Every structure is written in structure tokens, then in C-alpha cells.
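Fold and geometry: a report
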Amino acid sequence: MIGLVMLFSAGAVRGAQDLLVKQVVWVLISLAVGGYVSFVDLDWLRNRTYIIFALCLLGLVLTLVPGIGVKVNGAQRWIGLGSLRVQPSEFAKIGLVLLLAKYFADKQREIGSFVQGFFIPSLIIGSVCVLILLQPDFGTCFLCGAVGATLLFQAGVGLRWLLPVAGFAVAAFSILVYFDPVRIRRVTSFLDVEANANDSAYQLWQGMLAFGVGGIEGVGLGMGRQQMYFLPEAHTDFIFPVIGEELGLLTTISILLTFLLLFFSVGLKLRQVSRMHEYLLAMGALLFVVLQAIINIGVVTGCLPTKGMSLPFISYGGSNLVVTFVFVGLVINVMRKKDNPSPIQAREL
Amino acid sequence: MKNVFISPYRFYFVFLAILLTFCTLGGRLLHLQVWQSDKYTNLASNARKNFIHEEARRGDIVDRKGSLLATTRSVVVLGVDPHSFKEKDSKKLKQLAVLLDLESEKVEESVRRKFIHSGNGVTAMKPIRWVKLKDEVDDSTYRKILKLGIDGVYGNYKHSRLYPNQNFASHVLGYLNKEGKACMGIELMADYYLRGQDGWRESERDGRRREMPQFRSVEFDAREGLSVELSIDRVVQERVEQEVSRIMDEFSPVSVSIIVSEPRTGEILAMANGPSFDPNLFNDVPLENHRNRCLTDLYEPGSTFKIIPVGAALNEKILRTDDIIDCSVSTYQKGKKRLRLPKDHHPLGKISLHQVVQKSSNRGAAQVGLRLGPERLYSYCRAFGFGERTNLGLLGERKGTLHKPSNWDGLTITRLPMGHAVSVTPMQVHGSMCAVANGGIMMRPSLIRRVFDEESKTVIPFKPRAVRRVIDEQVADELSEMLVSVVGPEGTARSAMIQGYQVAGKTGTTQKIIDGKYSNTHHVASFSGFFPADNPRAVITVVVDEPKMKKGRLGYGGSVAGPSFKNIASRLITYLGIQPRPKELSLIREQKLGL
């Protein structure tokens, strides 16, 4: 709801009604998909993991193929399907969670070994990350890497491998960023926002101004001015500053708390999930949603370098909303399962 | 029930990490929205503040009959936004170039260049959203351009000052510089009335720098400037300027200044100088051409100054018009000192005071000065307006030099009466002649008759103002009778005679001081006079600096400046409908004068 209301305000200069209608349609689609996912048989899903993952990889590869992949703002992130544009990297998140969950559930015993317990899952994460990196989409890559690493950590992969690789990944990431002129400027300008306010950190600066203008109580719904072309991405990635300006600290903190509460209330209950596969599935899904929120808020408040990352549930955008609701569906599904454990079935010997 | 496959340590570590992250973000929000709130609010409102300046239309300047001398028109500054330009319109660019009178390559280039390097880094490209194509496009051309319908080509209106008559009265009008600041002339003098009150709007703007009218807080409409009606008469001024250019052509002097005014009101009908300039193109001529030499250039007045000692002597009743002065003596005994008197061009012998004026005797004038004494001579000089500004109001007027008697050397008392040892502006000489023409009352010279608004309603009237009485009316009459004889068959200004009219005037031929000595080749020729003598309608002063004469002849005031007086006066007679004096009357007067 907040998402829709804010979108209406934030998108005021870009044909709010048009955006709103589109987003409502997407919400309905997402709810349907999410609802379906929450009832789907997880074991059935588990058996189709490889197909889904393969489709996701295929999608990622296709975005890189000239002619199929659509280039917007210098990044090839979309596949054009007629008038519709799909962002495969969003769906790759689902694939990644599914595969990792299935893998660790299957290989619980080999978790201690290097090859099966560490090398292969790293390879899985790596393949997704590298493909996304090639688009390039540093934000999503970082998100996938972070969620993947957390899942590895939770699944019990030895720290003696995890830590050096994490260090290596950070180093490699830094190097890549360093040699990419767009990214390095984002990073450097992030370090000195005010000096670059008219230039590379323009959007971030305007976002920070919006927060400041909003103060504690905000200027009132629909009264915000920063979205009046000061914030180019007011309705997508930078919707949070608009909320901050119009509704103030009270609402921004509430949103922050909502995400935190979501994570804690659901996450802590997940401890009671009896099956490894379902636990990892739900944990991965939850992490994807919450980490994405963290990154988005971190970026718009100037805590993290600028990345293109939308705020789950709130930002405008179809693919992300669907995927977010798929994750929610998965979590709900797992929670339902936990409350009604499926009867132990006799297996064929 | 708790699952067993996840170590609690690893499970809670993740939660702790997430919790800490959220705390950080919360803290950051608190920082931004509470502690930094004021700072950012200020910054944002500064960035949004939109101050739109609305230029007031400057008032017109018209002559006394209402014809337009300076006006303001709306012109368009035309430009193009290269990002709004669409390729489908590229064929129309040629037409645009023709309409704007520009090379089509230049227009093409302005449209194609869409980014500009903003300095640092490879990707530091700023989009160009406005390229000026032409500065002053008139309204009809602009409408034609809009009809072409090229996307992204648009203009903004601005005011531009126009002087429709080019050089006409340029020294009086002055001009506005490129910044729209008044620089001289009436433009500067009456700037307070002309400029009007600029309006402004305060509101906010959006990220594309467009005004958001819903946030408009202050709106103050511009108030059009008032218009100024000059005392200048276009017809007279035109004739005067013809005369200026005739003298410039014929004698190629350094400069010419002519002033025409009404003696009773002090209103100036025409004021012109050569060399002149076009205020529309004020930058194209040397700065010295901008000078209103009637007010700024100093010269030694020479014989035209003789009316002051003579007028003073008559007014103080020291001399009468028929008192005889011996112009054959070359020295004058004053106490123990013998003063050498100046020479005349022709020996004149014993002549009356009347003839001193008529023949312009230097020696005679010197003796008049000696009889007056320094203090009285000085005070009459001051009374006639020398050594002080006429306060016409135009920029750059000079006082001239008139030393106090305490600073005089021994010769000054004999040289000042003949117009040496004093420097004056043409306007001061003109003023003194006006006082004589106006029965001894000096009027304040004026250029502005009234200030009026758009509906032609007078806002501020400028009424004629008397400065002081200089000499008695009777003395003024006597003096003008003497001056009439100057412009007679026996006088020095025969060239200024007009059939059927009595003209009063005085010539002046001053040697310029070159290298510390009075030069025999460089002169200032001048004539100042009025007519008809018994009922003066106009005073005309002509000053020609360094007329170049043919075959080494001297540039006398009578021969150089006199004819100009006559030419201008003839035009005034037909234009103002000045009736000739009945012949009988003039005959009577001639008899009375014993001519």
C-alpha cells in the first residue's frame, strides 16, 4: 500500500495515473504468482530445481546476446519479449536460492569436504555472479554473492575456505570497480557527496537533501518537491528519499523497522523448520528481500556507493515485484509446512 | 522444536549482523533527517528558489511636438535547444538561416553539437540545452520562424533601445550601453523617470529549472517607465544639424557646437555638435565624438564676452551708451602702475561705448573693465553665469575657469573684458546672451518640458525658472540696441543680417593658445545672437573650433559662424511664423541711433 501511494506522489511528474495503473496490475500479477508459490509443493519444486536454474542461466546468457538483450543506460540487463521487457537477473535470484537449497539439502554429509562442500556451491554462485557482472549489474551481483555467501555460512561450510574466498571476492570486486570508469566515479563521488553534487553524485545529493527537507514529520503527502525532476529516479530506486521528504523520519524509521521485524519474526521462526531444504529456501528468500532493502536504503542515504537497486515492495518495477512476491510466497509456503509438517511417508527401500 | 543442522552460533551471527546493519541505517536516517535537517533544508530551498526578473519597458523620449526620438522595442533573442531538435526538421534549417541572415553551416553546427566538456574526466559531458543563434530578432521575423515549426527553436523577448533618427540630437539623447545602463544625455539625466520599476516573481523551480507556479510566493509586476518630453524641436534641431554638417564639410574644424533656445523660458530648442555619433552604434566611433561639446569643451570666449563689462558698466551707471572712450591710447595709468592696453585690429580713435561694442574694440573693452574695477567685473561675470555650471543636467558639464580677483595678475583687468583669461563653455556664452535677450533676467536652461505616462498624462511638469536678474531691463534694452548695430552694415557681423528683421548679436574670434602663445592660425570663431531684437524669440549660439580657411584667411566669427546664425534664423522665421518688423519702425530706430 505504501508503495502504491508513494508511487502516485513520486511519479506525479511522469504521469502518475499511468504508472499507478501499471503498478497495480503488477501487484495483482505478483500476488497471484506469490499466492501460487505459497501453495506449490516444495518437493515438486525441488525436483525441478535444475531445470529452473538452467532456464535462469539461459536467460542471463541471452541478455548478453546482441539482438535479444536490450541495452538501457549502458547496461544490457533486459530481454525484449515483444513490448514486454524481462530482467532475467531478477529471476536468477530465485534459481540461485532453489539450487543452493537443494544442493545443501542433498549434500548435508559432504559439507565438510572442500570440493563438494565448498567448491561446487561457490561455482554455482560464481557462475550466476559472473553472468550478472557481465551485463554489468554490480548491485545485483553483489546481492547474489552476499546472499549466497550467507547461505554457505549458514549451511555450515568451513570458515577456513569461506573467509579467504570472501576476501578474494571483495578484492576482485574492488579491482573490477576500479577499472570501470562509471563505477569508480560513483564510489569516489560517494566519498565526497557535496563536492560532486552537480555531477556524478547529483542523484545521491538530491536524495540526501530530500531526507533533510523532510525532517521528522515530513512536508506532507504530495507536497514533496525533490521528485520534481531533481531526483531522476524518484519512482524507482530513489523512492525512499521521496518518502523521507513527504512523510518524514517517522515513516522512514517505520519502514526500516518493518523490514527488520519481517526478518526477525520470520527468521527466528525458521529455526523451527525441520528440513534443511525448506530452511535454506526460506532463509535465502528472506535474505534476498531484506538485503536488497538494506542495500537500497544504504545507497540512498549515502552509506553505500550508488548502485541500481530498487526497494522491495515499494519501488516501481514489474520483474522485481514479482520476484519479491515469489520469495514471500516461498517463505509463507515453508512456514505453512512448518506448522503442518507433512506426514512421514514410507520410502521405498 | 529446533532444527539440528544449523549451528546456533552461525544462525544468530547472521541475525546480529543484520540487526547492526539496520541500526546503522536507522542512525543514518536520524542523522540526515534530524541533525542535518536544517542544513539540507536550506540547501534545497536555495537550489529551488526561483527569482524571475521582469524587465520594465523603458519610457520614450519625444520632442516638444511629440515625435519619437528614443524608444524601446521588444526584440527576440533566438536560440535552439539541440536536444529538442528533431532530424525531420533538418531541411528547414536552411530557411531558418536565410531568415536570420546567418550562414547555414553555422546554424547546422549549433544544432548538431549536443554536449560540452565540463572539464574533469572522460565522461564529464554536459548536455547543451540552449545555443544562441541571434541576439536581436524583430517580432515579424520571429513569427515567420515560429511558422517554420522547428522543434527546439525558440526565443525570449527582451527590450532593446532604439534611436530611430540615428545621429539626430545624439548628444542630447545619450544612449544605453550594452548592459542597458544609461550612459549620458537625457537617458542618464532622466533615467530615474525613464527606467520604470522592474518586476519580479519569486517561486520555486523544478529539477529542470522550470518555474513551478503553484509555489509562487511573491509577484510584482513591472511598471513601465515614464516618457520624457524634451524642449528640443525636431524641425529646428534638424536645421541646426544641417548647419553643423555644412560647417564640418566647409571648414573641417575640430568641432562645431550650436545651441538654439527660447530666451523667455530658457527652453533649448536645439543643441547639436559636430562630430556626432549614432547612439544605436555608439561603439563604432571614437569616444570623443560622444562629448556634448556645448557643455564640456572650454574655450576663451573672446569678443562675445564684451557684453559683460559693457552691460556691467551700464548697469552700474558708470558709463552711458554715448560716452566717448579713447581707443588711441595704448597705456592706462592706474595709480602708480601703467597698464598696457590690448591692440585693436584697426585703429579706431575716439569712439562711443556703442561703437566699442559695434566695432568690437579690445582697447575700448579694456578701458571699460578698468573703470569697473576687478571686484565689480568679477561679480558681473559670476552674475552672467561664468565660472559656474548652467545646471542643464546633462553629464559632463564643466564650470570653466574664472579666477577670483585676488588671483588675478596685473593684466587680467584689461584682458578679461575682451574675453581672454577666462574659459567658458558654449552653453555659458549662450546663457549670458539669453539673459540680455530676456530683459536682463537669466533663465535656467532646460531640456525637459514634462514627464508623462503611457496615457500621455503629465506626471511631472518642468516649468521655466528664473535664476536671477543680472542687469536692469532698460540696460538690457540698451545693450541689445548696441548688439543690433553689430549685425548691421557697420558692424562685425554683417553676415548674420536678415532682411526685414532686427538681429542682435556679437561675434567672437579667439586665438587659441598653442604652445603657450596666442596662435595666429588657430582660432575659435563664434557668434551668439538673438532676434527679433525688440521681441526676442530665439537665441542662437554658434561656436566653431579651428575652422580651416582657404588661402590663409582668418576664421573670423563673423565669416564662419555668422552665416550659420542667419541660416538657422531664416528657418525659424518660417517655422515659428515670426513677423517682420514694419519698415517704418526700423527706420525710426535707425534715425534714433543716428546711423
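The paragraphs below set out a description of the structure included in this document. Everything numeric here is computed off the predicted structure, so don't read it as measured data.

**Considerations on the interface of chain A and chain B**
Taken together, the contact pairs 59 residues of chain A with 44 residues of chain B. For the pair chain A and chain B, the summed buried surface comes to about 4,700 Å²; carbon and sulfur atoms form 70% of the total. For the pair chain A and chain B, the number of links is zero salt bridges. At the junction of chain A with chain B, the criterion picks out six residue pairs in polar contact (both at pLDDT 80 or more). Broken down by secondary-structure element, the contributors of at least two residues to the side of chain A that touches chain B are α7 (138–155), α10 (202–214), α11 (239–270) and α12 (276–300) of chain A. The element contributing the most residues to the side of chain A that touches chain B is α11 of chain A, with 15 residues.

**Concerning the packing of aromatic side chains**
Evaluated as defined, the whole model comprises 22 aromatic pairs over all chains. Between Tyr-193 of chain B and Phe-462 of chain B the ring centres are 6.4 Å apart and the planes differ by 85°, which places this aromatic pair in the edge-to-face class. Placement of the pair is Tyr-193 of chain B in helix α8 (residues 191–194) and Phe-462 of chain B in the loop between β20 (458–461) and β21 (466–469), with a sequence separation of 269 residues. Using a relative accessible area of 31% as the deciding quantity, one classes Phe-462 of chain B as partly exposed. Members of the aromatic cluster, each reached through a chain of ring pairs, are Phe-263, Phe-264 and Tyr-279 of chain A together with Phe-11, Tyr-12 and Phe-15 of chain B. In this arrangement the basic side chain of Arg-271 of chain A is found over the ring face of Phe-11 of chain B, its NZ or CZ atom lying 5.0 Å from the centre.

**Brief notes about unusual backbone geometry**
All names here are of chain B. That bond from Gly-274 to Pro-275 is cis: its omega, 0°, falls within 30 degrees of zero. Here Pro-275 lies in the loop between β13 (268–274) and α10 (293–296). Geometrically, the link from Phe-531 to Pro-532 is a cis peptide bond, its omega value of -20° lying close to zero. Within the secondary structure, Pro-532 sits in the loop between β23 (517–531) and β24 (538–545). The phi torsion at Gln-166 lies on the positive side, around 50°, for a residue other than glycine. With respect to the secondary-structure elements, Gln-166 resides in the loop between β7 (153–162) and α6 (170–173).

**Structural notes on helix α6 (residues 114–133) of chain A**
Listed in full, the buried residues belonging to α6 of chain A are Gly-117, Phe-118, Pro-121, Ile-124, Ile-125, Val-128, Cys-129, Leu-131, Ile-132 and Leu-133 of chain A. Residues of α6 of chain A that are buried make contact with α4 (49–64), α5 (88–106), α7 and α8 (159–179) of chain A.

**So, the nonpolar core**
Looking at soluble globular proteins, one finds that nonpolar side chains tend to be buried together. Residues Phe-104, Phe-240, Phe-263, Leu-270, Met-283 and Phe-327 of chain A together with Ile-18 of chain B are the most contacted members of the largest nonpolar core, which totals 101 residues. It is α12 of chain A that provides the largest number of residues to this core, a total of 19 residues. Excluding anything up to four places from it in sequence, Ile-18 of chain B contacts Leu-260, Phe-263, Leu-287, Val-290, Leu-291 and Ile-294 of chain A. Core analysis: the second largest hydrophobic core is formed by 89 residues, Leu-269, Tyr-380, Trp-408 and Ile-578 of chain B among them.

**Quick look at the side chain of Ser-231 of chain B**
Along the polypeptide, Ser-231 of chain B turns up in the loop between β11 (227–230) and α9 (234–251). Excluding its chain neighbours within four sequence positions, the residues that come into contact with Ser-231 of chain B are Arg-64, Glu-267, Ile-268, Leu-269, Ser-446, Leu-447, Ile-448 and Arg-449 of chain B.

**Focus: α10 of chain A**
All names here are of chain A. Here α10 contains 13 residues, and its C-alpha end-to-end distance of 18 Å stays within 8% of the 18 Å for a straight helix at 1.5 Å per residue. Along α10, 12 of the 13 residues are buried, which leaves the element largely enclosed by surrounding structure. Every buried residue of α10 is listed here: Gln-203, Leu-204, Trp-205, Gln-206, Gly-207, Met-208, Leu-209, Ala-210, Phe-211, Gly-212, Val-213 and Gly-214. One or two residues past the end of α10 sits Gly-215, with phi positive at roughly 60°.

**Some remarks on the sheet that holds β23 of chain B**
Residue and element names in this part refer to chain B. The strand order across the open sheet formed by five strands is β13-β12-β24-β23-β22, and the pairing between neighbours is antiparallel. For this open sheet the edge positions go to β13 and β22 (504–514), each flanked by a neighbour on one side alone. Sheet twist, expressed as the average angle between the axes of neighbouring strands with direction ignored, equals 10°. The strands that helix α16 (residues 426–437) touches are β12 (255–261), β13, β22, β23 and β24; relative to β24, the one it contacts most, it runs at about 150°.

About the cut-offs
Residues numbered from 1 in each chain as written. Chains lettered and ligands numbered in written order. Predicted model: local features only at pLDDT ≥ 70, side-chain atom pairs only at ≥ 80, totals over all residues. Heavy atoms only, no water. Contact = heavy atoms within 4.5 Å. Buried area = accessible area lost by both parts, 1.4 Å probe. Salt bridge = Lys/Arg side-chain N within 4 Å of Asp/Glu carboxyl O. Polar contact = N/O pair within 3.5 Å; in protein donor to acceptor, adjacent residues only side chain to side chain. Helix = DSSP H or I, 4+ residues; strand = E, 2+ residues; numbered from the N terminus. Phe/Tyr/Trp six-rings, centres within 6.5 Å; stacked < 30°, edge-to-face > 60°. Buried < 20%, exposed > 50% of the residue type's maximum accessible area, 1.4 Å probe, protein only. Lys NZ or Arg CZ within 6 Å of the ring centre and 35° of its normal. Core = buried A, V, L, I, M, F, W, Y, C linked by side-chain atoms within 4.5 Å. Expected span 1.5 Å × (residues − 1). Pairing = 2+ DSSP bridges. Axes fitted to C-alpha atoms, helices over the stretch in contact; angles between N-to-C directions.

Just geometry here; none of it tells us what the structure is for.
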